[in-house]
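So you can see what is in the structure, the chains are spelled out below.
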Amino acid sequence: MFKQNSINLLCSTLAILCAYYSDLVSVLFWFGGLLVIPAIAIWYQFKFALGNFILRLSIAILPWLILCVIGLFRASNTEHEGQRAMNMFFFEMPLYSVAVGTIVVTICFLFKKSTTPS
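Model, not experiment: these values are computed from the prediction.

Trainee: Tell me what's going on with the side chain of N5, and back it up with residues and numbers.
Mentor: Within the secondary structure, N5 is located in helix α1 (residues 2–20). Classification of N5 by relative accessible area gives buried; the value is 7%. Ignoring sequence-local partners within four residues, the contact set of N5 consists of A49, L50, L55 and I59.

Trainee: Please set out the packing of aromatic side chains residue by residue, giving values where relevant.
Mentor: Following the criterion strictly, the structure yields three aromatic pairs and no others. When the centroid spacing of 5.6 Å and the interplanar angle of 70 degrees are considered together, the rings of F46 and F53 count as edge-to-face. Each ring, one from F53 and one from F109, has its centre 4.5 Å from the other, and the planes form 25 degrees; the classification is stacked. With a gap of 56 residues between them, F53 in helix α4 (residues 53–76) and F109 in helix α5 (residues 81–115) connect regions that are remote in the sequence. F53 sits in the buried class, given a relative accessible area of 18%.

Trainee: Describe the packing of α1 against α4, naming the residues involved and giving the relevant values.
Mentor: Remark: α1 packs on α4, axes separated minimally by 10 Å, with the N-to-C direction vectors making an angle of 25 degrees. With respect to their mutual orientation, α1 and α4 come out roughly parallel. When you trace α1 past α4, the crossing you get is right-handed. Contacts from N5, N8, L9, S12, T13, I16, L17 and Y20 in α1 reach L55, I59, L62, P63, W64 and L67 in α4. Classifying every residue of the contact of α1 with α4 gives ten nonpolar, four polar and no charged.

About the cut-offs
- Residues numbered from 1 in each chain as written.
- Predicted model: local features only at pLDDT ≥ 70, side-chain atom pairs only at ≥ 80, totals over all residues.
- Heavy atoms only, no water.
- Helix = DSSP H or I, 4+ residues; strand = E, 2+ residues; numbered from the N terminus.
- Buried < 20%, exposed > 50% of the residue type's maximum accessible area, 1.4 Å probe, protein only.
- Contact = heavy atoms within 4.5 Å.
- Phe/Tyr/Trp six-rings, centres within 6.5 Å; stacked < 30°, edge-to-face > 60°.
- Axes fitted to C-alpha atoms, helices over the stretch in contact; angles between N-to-C directions.
- Parallel < 35°, antiparallel > 145°, perpendicular 65-115°, else oblique.
- Left-handed = near helix turned anticlockwise from the far one by under 90°.
- Nonpolar A, V, L, I, M, F, W, Y, C, P; charged D, E, K, R; others polar.

Okay, structure coming up:
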């Protein structure tokens, strides 16, 4: 279980970092992909993680939260006010998506658990 979760965490972190440091992110930013893709990724990361609900959810949101916190910290240190606002918005969008993805995954998990006979 630890090995599978570690591989899941490593692959998702590498994919997120590769997407953020390529030109793909700027396209996603302007077309709203940063509001949609993290939520979908959380769904799949949660689906393939092993363990109890809290562990699976942690593995799904941890890479996104780390990226957003690092980005927001770096953006807050930007000197130019307009650039700071744009950078903050750039890293807030995935953060909102992570929140929505977490809520959706939790609701689906609870619904599935309530409909499954014991």
